[in-house]
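Given next are the chains, with one letter for each unit.
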Amino acid sequence: MHRWRRWCIGPVNMKGTGRWSFSVLIRRPCRTTRREVNGATAFPQRTGTCRMAYVAKIGPSILNSDLACLGHECTRMLDCGADYLHLDVMDGHFVPNITFGHPVVECLRKNLGADPFFDMHMMVSRPEQWVQPMAAAGANQYTFHLEATTNPGNLIKQIRESGMKVGLAIKPGTLVEELAPWAGQVDMALVMTVEPGFGGQKFMEDMMPKVSWLRSQFPSLDIEVDGGVGPDTIHKCAEAGANMIVSGSAVMKSEDPRSVIALLRNVCAEAIQKRCLDR
Ligand code: DX5
Ligand code: ZN
């Protein structure tokens, strides 16, 4: 029997009221409803006769897009099949580069409407400082770096209380075992596959054991990879167990981003199905 899937999308601006409200959208029907696994929210998926708690999702990073037309670039990606938008926030301190902050996110939310999922990749030294502004601006997920805080537990609580989902990222030099104690409390773990700071860098294949280990320990967790991911490297990520795929240059610079997004998703979905059948 079908039940309606309820999808919580976080704070949205209520039209005409100027107020921000926490919204729950009713999406298409599915056979199962969302559940908590290891403390993380998961959306079961039917893959043939198997059901996995996570699905393949592709999130273009707009860092290398034409920033003069950011709203248009985001719309272009969504029209080409992006499942979510990966928005890179850099403060020039945690990483040697500066991008944008919550005022830009607020404009994007107004421009794009309530639907698109904004995954905020917070490459900032004081992630605690931007939780409320990002929630108010319309962010859906707040992904902070483990290296940037001395109190991850408190920050996770702060993010949840603000109504956003929680992502936890580690740089290439950070051991995955340092992330593990928090994995049961977050919605998503991000394994960086380049040094954060710039798009267009070379994919670090030696990060894949981190992804494999996380997948083996946390079978239902959303695991994201970010940096140098495209048609040439997606197979490694998918085999290792990543299901949230950030891709910047490979999608943005393609003449056919729709095909690239579809290819990334297909490779990832096939790996999920294979893992499901192998269980
Ligand atoms: C790098 C950013 C990435 C980057 C990805 O620090 O976090 O999101 O934009 O771009 P590509 O896919 O080009 O490495
Ligand atoms: Zn990123």
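The name given to the chain in an unreviewed UniProt entry is ribulose-phosphate 3-epimerase, with the source organism recorded as Paramormyrops kingsleyae. Its UniProt record gives the chain a comment under Sequence similarities (unreviewed entry), which states: "Belongs to the ribulose-phosphate 3-epimerase family." Under Function (unreviewed entry), UniProt gives the following word-for-word description of the chain: "Catalyzes the reversible epimerization of D-ribulose 5-phosphate to D-xylulose 5-phosphate."

A.B. asks: Summarise the layout of surface pockets; cite the residues concerned and give the values.
C.D. replies: Size it by volume and the second largest pocket reaches roughly 350 Å³. In terms of lining, the second largest pocket is formed by 29 residues, of which the most central are Gly200, Gly227, Gly228, Gly248 and Ser249. Split into classes, the residues belonging to the lining of the second largest pocket amount to 12 nonpolar, 14 polar and three charged.

A.B. asks: Before we move on, can you summarise the coordination of the zinc ion (ligand 2) with the specific residues and values?
C.D. replies: Coordination of the zinc ion (ligand 2) by the protein is provided by His86 (NE2), Asp88 (OD), His121 (ND1) and Asp226 (OD), with metal-donor distances spanning 2.1 to 2.2 Å. For the zinc ion (ligand 2), the six donor atoms are set out with angles of 73 to 176° between them, so the coordination reads as octahedral. Sequence positions of the donors to the zinc ion (ligand 2) reduce to the motif H-x1-D-x32-H-x104-D. On the criterion of sequence distance, the pair formed by His86 in strand E8 (residues 85-90) and Asp226 in strand E13 (residues 222-226) is long-range, its members being 140 residues apart. Of the two residues, His86 and Asp226, neither departs from the other in class, the shared state being buried.

A.B. asks: How would you sum up the packing of helix H1 (residues 70-79) against helix H2 (residues 102-112)? Please name residues and give values.
C.D. replies: Contact geometry for H1 and H2: axes closest at 10 Å, N-to-C directions at 55°. Taken together, H1 and H2 sit at an angle that is classed as oblique. Once H1 is placed against H2, the crossing between them reads as right-handed. Counted together, Leu70, Gly71, Cys74 and Thr75 of H1 and Val104, Leu108, Asn111 and Leu112 of H2 form the full contact between these two elements. Tallied by class, the residues present in the contact of H1 with H2 amount to five nonpolar, three polar and no charged.

What counts, and where the lines are drawn
Residues numbered from 1 in each chain as written. Chains lettered and ligands numbered in written order. Predicted model: local features only at pLDDT ≥ 70, side-chain atom pairs only at ≥ 80, totals over all residues. Heavy atoms only, no water. UniProt positions renumbered as here; feature names shortened; annotations may be inferred. 1 Å grid on protein atoms, 1.4 Å probe; cavity = no way out; pocket = protein on both sides within 12 Å on 5 of 7 lines; lining within 4 Å. Points joined across faces, edges and corners; volume = space filled by probe spheres on them. Nonpolar A, V, L, I, M, F, W, Y, C, P; charged D, E, K, R; others polar. Donors = N, O, S within 2.8 Å, 3.2 Å for Na, K, Ca; no water. Tetrahedral: all angles 85-135°; square planar, octahedral: opposite > 155°, others 65-115°. Helix = DSSP H or I, 4+ residues; strand = E, 2+ residues; numbered from the N terminus. Buried < 20%, exposed > 50% of the residue type's maximum accessible area, 1.4 Å probe, protein only. Axes fitted to C-alpha atoms, helices over the stretch in contact; angles between N-to-C directions. Parallel < 35°, antiparallel > 145°, perpendicular 65-115°, else oblique. Left-handed = near helix turned anticlockwise from the far one by under 90°. Contact = heavy atoms within 4.5 Å.

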